[in-house]
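Each chain is listed here by its residues.
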Amino acid sequence: MTHLNNERRPETQPGVASAEDGLVILDGPDGVAVTMTAAAAAETGHNLVEAARAAQMQIGTTPGSDEN
Amino acid sequence: MLTERFLRNKRNVSLSLGERECLEAAISEVQTIEPRRVLVKAGDKLDHSTLLIDGIMSRHIDDHNGLRQLVAIHVPGDFVDLHAYPLKTLDHDVASMTTAVVGMVPHGKLDDIISERPQLGRKLWYATLLDAAIHRAWLFRLGRLAAVGRVAHFLCETNARLAAVGLSDGRQFPLALTQTNISEICGLTHVHVNRVMRQLREERLCIFRLSVVEILDPVGLAARGQFDPTYLYIDQ
């Protein structure tokens, strides 16, 4: 019998953002594949930084580290 | 023969000449359809099913904003909406992507085949199970793969399906789809697809130009798309 250990875990690798034809393309992690306007990308980036800061505070680590 | 590509080169199934002739005789009408025409609307009451003889067709669902997700494409030899035989209506639209030639098979004729030729009836069942296997692969593609992997997987799958029916030499095949079509298949924007195509070309994996796909590195492209053709049940 095969033991399944397939629990989805949070990604530890960042997505890769690039600019293409005046738009922002986000690739990864975990199958993410999104195209955004520059304004939407900037706002998403801001939201991600804010959420990352809040998450770090929840676990008592400093922003920029990934110690969990 | 109109049915020559149906289940051609599929594992554990082959149609005898008599079975192909029987299926051929069940076709009541052959139609040529222009590109981008909806042949079946979701919810239509259906009394026939459609065998694709030439061209490419799709099954699609539009969201509330009118944005389209292709949930299947069909290549020559596919029984596009055999599901409509037991279901009588479909939950999605069926449309031509290119000029398509189709054979209409009345459900009454399928009744006759199933009662008089049960072995051929099982082969029709096999065809719908093959569609289900491809749907599972499409779920995997959209759920697990990043943009370049999705496109690589789709191109590998299409190459394998077309090769099975004699329409690809395994390295090069005609594919009269636009990048918008591929974006609707892979859940990407056309800008994203354009970038992925350039990436595949720069990595010397594949070139898609002038409606022709040329696979430069089949092993590399399959690896990029995590493509394993087992689910296509193609006779090796």
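None of the values given here were measured: they were computed from a predicted structure. (Residues numbered from 1 in each chain as written. Chains lettered and ligands numbered in written order. Predicted model: local features only at pLDDT ≥ 70, side-chain atom pairs only at ≥ 80, totals over all residues.)

### Examining the overall build of chain B
So, step 1. Summing up its helical and strand segments, chain B has 8 helices and 10 strands in all.
So, step 2. For chain B, whose C-alpha radius of gyration is 18 Å, the value lies close to the compact-globule estimate of 18 Å for 236 residues.
So, step 3. Dimensions of chain B, computed from the C-alpha atoms along their principal axes, are close to 55 × 40 × 30 Å.
So, step 4. Out of the 236 residues belonging to chain B, those deemed buried represent 39%.
So, step 5. Relative to all contacts within chain B whose residues are 6 or more apart in sequence, the contacts with residues 24 or more apart total 73%. (Helix = DSSP H or I, 4+ residues; strand = E, 2+ residues; numbered from the N terminus. Rg over C-alpha atoms; globule rule 2.2 N^0.38 Å. Buried ≥ 20, exposed ≤ 12 C-beta atoms within 10 Å, placed from the backbone. Contact = placed C-beta atoms within 7 Å.)

### Here's the deal with the confidence of the model for chain B
So, step 1. Mean pLDDT over chain B stands at 95; residues scoring 70 or higher make up 100%.
So, step 2. Taken together, the chains of this predicted complex give a pTM of 0.90 and an interface ipTM of 0.72. (pLDDT = per-residue confidence, 0-100.)

### Considering the environment of R224 of chain B
Residues and elements named next belong to chain B.
So, step 1. Counting through the fold element by element, R224 comes out in helix α8 (residues 218-224).
So, step 2. Distance in space between the C-alpha atoms of R224 and L145 is 9.4 Å, their sequence separation being 79 residues.
So, step 3. Other than its neighbours up to four places away in sequence, R224 contacts V148, G149, A152 and L205.

### Concerning the interface of chain A and chain B
It is common to give the size of an interface as the accessible area that goes away when the parts come together.
So, step 1. Chain A puts 9 residues into the contact, and the matching count from chain B is 11 residues.
So, step 2. Elements with a contribution of two residues or more to the side of chain A that touches chain B: β2 (23-27) and β3 (33-37) of chain A.
So, step 3. It is β2 of chain A that contributes the most residues to the side of chain A that touches chain B, 3 residues altogether.
So, step 4. Class assignment for the residues of the side of chain A that touches chain B results in 3 nonpolar, 3 polar and 3 charged. (Nonpolar A, V, L, I, M, F, W, Y, C, P; charged D, E, K, R; others polar.)

### Structural notes on helix α5 (residues 147-164) of chain B
So, step 1. Its 18 residues place the ends of α5 of chain B 26 Å apart at the C-alpha level, agreeing with the 26 Å of an ideal helix rising 1.5 Å per residue.
So, step 2. Among the residues trailing α5 of chain B, G166 of chain B stands out with phi positive, at a value near 80°. (Expected span 1.5 Å × (residues − 1).)

### Focus on the sheet that holds strand β4 (residues 57-62) of chain B
Remark on secondary structure: sheet strands pair via backbone hydrogen bonds, oriented parallel or antiparallel.
All names here are of chain B.
So, step 1. One open sheet accounts for 4 strands, arranged β2-β6-β4-β5; its pairing is antiparallel. Two strands bound the open sheet, and with one partner strand each, they are β2 (38-40) and β5 (68-74). Here the strands of the sheet are splayed against their neighbours by 35° on average, with no regard to which way each runs.
So, step 2. Pairing of β2 with strand β6 (residues 93-96), which is carried by 2 bridges, proceeds in the antiparallel orientation. (Pairing = 2+ DSSP bridges. Axes fitted to C-alpha atoms, helices over the stretch in contact; angles between N-to-C directions.)

### Quick look at the packing of α5 of chain B against helix α6 (residues 179-186) of chain B
Residues and elements named next belong to chain B.
So, step 1. Viewed as axis vectors pointing N to C, α5 and α6 meet at an angle of 105°, and their least axial separation amounts to 10 Å. One finds that α5 runs roughly perpendicular with respect to α6. In this structure, α5 uses R150, V151 and F154 to contact α6, whose residues at the interface are I182, I185 and C186.
So, step 2. Among the residues making up the contact of α5 with α6, the classes are represented as 5 nonpolar, no polar and 1 charged. (Parallel < 35°, antiparallel > 145°, perpendicular 65-115°, else oblique.)

### A few points about unusual backbone geometry
So, step 1. Residue P29 of chain A is reached from G28 of chain A by a cis peptide bond, and omega for that bond is 0°.
So, step 2. Take P29 of chain A: it is sitting in the loop between β2 and β3.
So, step 3. Here Y233 of chain B, not a glycine, exhibits a phi torsion of approximately 50°, which is positive.
So, step 4. Note on placement: Y233 of chain B falls in the segment after α8.

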